[in-house]
Amino acid sequence: MVKFSKELEAQLIPEWKDAFVNYWQLKKNIKKIKLSRKPNNSDQTHHHHHHHQEIPQFGVSIFDPVRYVFKKISARFLNSRDHQREIIQVTNKNGGSPGGDDEALYQTELLHLVSEDEVKEFFERLDEELNKVNQFYKRKEREFLERGDALNEQLQRLLELKQILSDRRRKNHQARSDGGNLPRSNSSSVRSASDYSESGTEIDDINSGSSPTEDVPTTLERNGVNFIGSARTKTKKGKPKSGLRIDIPATTPTRTITAITSMLWEDLINNPKKEGPGDFFNRKRIQYAEKMIRGAFVELYRGLGLLKTYSSLNMVAFTKILKKFDKVANERASGSYLKVVKRSHFISSDKVVRLGDEVESIFTKHFANDDRKKAMKFLRPQEHKASHMITFLVGLFTGCFVSLFSVYAILAHFSGMFSATNEAGYMETVYPVFSVFALLSLHLFLYGCNLFMWKSTRINYTFIFEFSPSTTLKYRDVFLICTSFMTAVVGAMVIHLILKSSGFAPTHVDAIPGILLLFFSVLLICPFNIFYRSTRYCFLRVIRNIVFSPFYKVLMVDFFMADQLTSQIPLLRHMETTACYFLAKSFKTHEYEVCQSSKLYKELAYVISFMPYYWRAMQCARRWFDEGDVMHLANLGKYVSAMLAAGARLTFARQPDHLWLFMVIVTSSMATVYQLYWDFVKDWGILKPRSKNPWLRDELILKSKSIYYVSIVVNLVLRLVWIESITHFPNRVMESRLLGFFFASLEIIRRGHWNYYRLENEHLNNVGKFRAVNTVPLPFREMDADD
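Since we're looking at a predicted model, the values are computed, not measured.

### Description of the overall build of the chain
- The helix and strand tally for the chain stands at 30 helices and 4 strands.
- The buried share among the 787 residues of the chain stands at 44%.
- Restricting to contacts in the chain with at least 6 residues of sequence separation, those with at least 24 account for 76%.
- Taken as a whole, the chain presents about 42500 Å² of accessible surface, with 61% of it coming from carbon and sulfur.

### Quick notes on the side chain of E141
- Tracing the chain through its elements places E141 in helix 4 (residues 117-178).
- It turns out E141 is buried and unbridged, and the closest side chain with the opposite charge, K351, is 4.5 Å from it.
- Beyond its immediate sequence surroundings of up to four residues, E141 is in contact with L307, H345, S349, K351 and V352.

### Thoughts on the packing of helix 27 (residues 658-683) against helix 28 (residues 705-719)
- It is the contact of helix 27 with helix 28, at a shortest axis distance of 11 Å, that shows an interaxial angle of 155°. Considering their axes alone, helix 27 and helix 28 lie roughly antiparallel with respect to each other. Crossing hand, helix 27 versus helix 28: right-handed. Contact residues: T672, Q675, L676, D679 and F680 in helix 27; I712, N715, L716 and R719 in helix 28.
- Of the residues assigned to the contact of helix 27 with helix 28, the class counts are 4 nonpolar, 3 polar and 2 charged.

### Regarding helix 27
- In a regular helix each residue adds 1.5 Å, so 26 residues correspond to 38 Å; helix 27 covers 35 Å between its end C-alpha atoms and thus fits that length.
- Of the residues making up helix 27, those classed as buried are V664, T667, S668, A671, T672, Q675, L676, W678, D679, F680 and D683.
- Immediately downstream of helix 27, the backbone of G685 shows phi near 70°, a positive value.

### What to know about the side chain of T667
- Position of T667 among the secondary structure elements: in helix 27.
- Classification of T667 as buried rests on a relative accessible area of 14%.
- Within polar-contact distance, the side chain of T667 engages the backbone oxygen of M663 at 2.7 Å.
- Sequence-distant contacts of T667, defined by excluding residues within four places in its chain, comprise L644, A645 and A648.

### Let's talk about the packing of aromatic side chains
- Taken as a whole and assessed by the stated rule, the structure comprises 38 aromatic pairs.
- Ring pairs connect the aromatic residues Y447, W454, Y461, F465, F467, F560 and W754, which therefore count as one cluster.
- Directly above the aromatic system of W678 lies the positively charged group of K682, at a separation of 5.9 Å from the ring centroid.
- The ring of W754 has R751 lying over it, and the distance from NZ or CZ to the ring centre is 4.5 Å.

### Things to note about unusual backbone geometry
- Even without being glycine, E466 reaches a positive phi, approximately 55°.
- The topology assignment puts E466 in the loop between helix 16 (461-464) and helix 17 (475-501).
- Note on E466: relative accessible area 47%, which makes it partly exposed.
- One non-glycine residue, F770, lies in positive phi territory at about 50°.

### Brief notes about the environment of N715
- With respect to the helices and strands, the residue N715 is situated in helix 28.
- Each C-alpha atom of the pair N715 and W754 lies 7.5 Å from the other, and the pair is 39 residues apart in sequence.
- For N715, the residues in contact, after removing those within four places along its chain, are L676, D679, F680, W684, R750 and H753.

### Re the pairing of strand 1 (residues 88-92)
- Side chains of strand 1 alternate between two faces, with I88, V90 and N92 buried and Q89 and T91 left unburied.
- Taken together, the 5 bridges between strand 1 and strand 2 (residues 106-110) define a ladder with antiparallel strand orientation. Counted as the bridge partner of N92 is Y106 from strand 2.

### Structural notes on a positive patch on the surface
- Where like charges cluster on the molecular surface, the positive patch consists of K3, K6, K31, K34, K320, K323, K324, K327 and K703.
- Of all the elements in the fold, those that place two or more residues in the positive patch are helix 2 (23-51) and helix 8 (277-329).
- Here the positive patch takes 4 residues from helix 8, the largest share from any one element.
- Here K324 shows up in helix 8.

### Quick notes on a nonpolar patch on the surface
- Among the surface-exposed residues, L659, F662, M663, V666 and M670 lie close enough to one another that they form a single nonpolar patch of about 490 Å² accessible area.
- Note on placement: M670 falls in helix 27.
- Judged by relative accessible area, M670 falls into the exposed class, the value being 55%.

### A short note on the packing of helix 17 against helix 19 (residues 512-524)
- Between helix 17 and helix 19, the least distance of the axes is 10 Å, while the angle of their chain directions is 160°. With respect to their mutual orientation, helix 17 and helix 19 come out roughly antiparallel. Seen along the crossing, helix 17 lies across helix 19 with a hand that is right-handed. For the pair formed by helix 17 and helix 19, the contact residues are F485, A488, V489, A492, I495, H496 and L499 on the first element and I512, P513, L516 and F520 on the second.

### With respect to the pattern of salt bridges
- Enumeration over the complete set of coordinates arrives at 22 salt bridges.
- A salt bridge links D350 to R354; the shortest N-O distance between them is 2.9 Å.
- Linking E627 and R623 is a salt bridge whose minimum nitrogen-to-oxygen distance equals 3.5 Å. Placement of the pair is E627 and R623 together in helix 25 (residues 599-627), with a separation of 4 residues, close to one helical turn.
- By relative accessible area, which is 18% here, R623 ends up buried.

### Observations concerning the environment of N450
- Within the secondary structure, N450 is located in helix 15 (residues 431-456).
- Sequence separation between N450 and N755 is 305 residues, and the spatial gap between their C-alpha atoms is 7.1 Å.
- Sequence-distant contacts of N450, that is, excluding residues within four places in its chain, are made with G752, N755 and Y756.
- In this structure the side chain of N450 is engaged in a polar contact, spanning 2.9 Å, whose partner is the backbone oxygen of G752.

### Some thoughts on the environment of N761
- The residue N761 is located in helix 30 (residues 733-768) in this model.
- Judged by relative accessible area, which is 8%, N761 ranks as buried.
- Separated by 64 residues in sequence, N761 and R697 have C-alpha atoms that sit 9.7 Å apart.
- Not counting residues up to four positions away in its chain, the partners in contact with N761 are K682, D683, W684, G685 and R697.

Calculation rules
- Residues numbered from 1 in each chain as written.
- Predicted model: local features only at pLDDT ≥ 70, side-chain atom pairs only at ≥ 80, totals over all residues.
- Heavy atoms only, no water.
- Helix = DSSP H or I, 4+ residues; strand = E, 2+ residues; numbered from the N terminus.
- Buried < 20%, exposed > 50% of the residue type's maximum accessible area, 1.4 Å probe, protein only.
- Contact = heavy atoms within 4.5 Å.
- Areas by Shrake-Rupley, 256 points an atom, 1.4 Å probe, with all protein chains shown as cover.
- Lys, Arg positive; Asp, Glu negative; His and termini not counted.
- Salt bridge = Lys/Arg side-chain N within 4 Å of Asp/Glu carboxyl O.
- Axes fitted to C-alpha atoms, helices over the stretch in contact; angles between N-to-C directions.
- Parallel < 35°, antiparallel > 145°, perpendicular 65-115°, else oblique.
- Left-handed = near helix turned anticlockwise from the far one by under 90°.
- Nonpolar A, V, L, I, M, F, W, Y, C, P; charged D, E, K, R; others polar.
- Expected span 1.5 Å × (residues − 1).
- Polar contact = N/O pair within 3.5 Å; in protein donor to acceptor, adjacent residues only side chain to side chain.
- Phe/Tyr/Trp six-rings, centres within 6.5 Å; stacked < 30°, edge-to-face > 60°.
- Lys NZ or Arg CZ within 6 Å of the ring centre and 35° of its normal.
- Pairing = 2+ DSSP bridges.
- Patch = residues over 30% accessible without salt bridge, like charges linked within 9 Å, V, L, I, M, F, W, Y side chains within 5 Å.
- Charge placed at Lys NZ, Arg CZ, Asp CG, Glu CD.

Here's what the structure looks like:
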């Protein structure tokens, strides 16, 4: 049977850990009570033995069992009479009724003199915990209720605007047909009706609560309605509100363009005779607004679910700890205290449950076309269960990979593939392609290790990256992708080697790496729902956001992935070599130097080395633009310094003279110092001189401090790997290539190691702010009359 403390640790909401009952501290208090009672008993027994030490103890009396039973019965009888009296009385210091809206503060008084201070200390701690839980619950409940009211208001405005646009479209259509104009194709009007809602809800079927009158469009025109400017709406009491503005955050280029073009077409909206482009952009804006409101409802529902979990887990914790107290102290205090706990706000309040039911019904009606099953897929996404088949396949593919790699090594040795005659051709043709796969699979393997560590240390990576629980990868899934990937690659390497040494035409054999590359590229964009389609598409979407980084709002997953790319520059260089090799058809002509001597190839090498740093710098610029935090500009400087260092190293590799050696040392040293400072202080949040953990931070997730110190040294050493690249250049092609591959692997290992602490720091920031639910921005806001 699992201890409750372990169950609580596994089930509690990590970001709210400090707000839960401190069950572990209360257990320590109970242990103190237990220990305080033991010495008394031992003293008595010792004293008893002291007085009767003359009487020799020869053996066990036959009456001992009878005496023992009699003693137990008499003790139980006495206790039952004694414990009819309550030993505690819990009162509300503020005088309010328990469970009321005022701030109830509970205080326990001991009705009988208890000899131990430990009992008094236990109840003082218990009161503190009960008050803490109540206050946190009230605060969160108030937040969610306010959010619910705001969302209801937003939904009503959305429905009104959709109804207005729907009526207006109908009137425009009638006006055109009555005026004898040529009828427009019906497809556009059908499209516009369904465009309002992503969930496919028909506009005419939605009851907006207040049916608009016939002359709504005319009234709107008279008041100068535009959905960017102000739409006059009325409150329930009939008083006119201030203007209404639709704020669609410019998170994507499409939204930005929509916002700008809607402003340009603003004046066309007031003309009821035309359905101008402005009308189309307003429909798009309403569609975006609906998507935002839907997302906000999903997050609200998630928050309410977390609060229900918080309430029930704390109730179980109070019950368990009081039962422990009764057992240890041989008292009956749990009954009366639990009555107070059940009457307290976090258990007695049903507002969260009621709001949860209301959100369910609203979401089902307006966002799921009255399909409850569909609504629940959004509101309660189910995590996919780990399958034993995945574990089996991981083991199978790992075995296949190891076996095939051993076969490859033996074949390569006997066929003399790495001898002086064959080496150059082999390293130019096969090496770059297989290096891409090897570096990628190493990175995948380390990401799987990251997922395993985050899960085992309760770091909520799903929430941090805003992944969907139903489609997010588990560490076993990542290991399966990695092992199957490498098995296929090493299998292709073995086939390539066998065919080449068997005397097949090199023209056909050297195309095998290209075929493999093509196969995996097709698999990545495969539209069928096989081999983790949602993850593949999420990956492509994130890469798109990175490549067009200044135009997309930067999310955590975007800049985290861009950081991974800065460690994969050798892989991008290999991709450039491979592309050149196959595009120049070198695998047919076997003229390997074509790519190396090309001027364009050399210039592209600079571009490819700069690109990941440039993308990351652009993301920093966008974050500074959005948030106004100057630290993002300082971070941008770090990537600019890294670009300079990469450029200097590349030039030095081409012309190794003293000037460029000096430039490499200067730029790389500056970049390394900058990067190390940012790694430790900003990304990992350590090196705090006044921390209670020397030179770390106050909160640490890993129990052993020594691991953090080792990690600092490891990160420092791996950041200095560039020194070796300027001091040692082997003569043989194979040696230099393998050394390059080894350094590229070290950088990927450093990045995988960095990932864990980066997310640990992010998680602790969320814990410090009790942030377990995303706050989705809302589209409609009121404007003052002078806006």
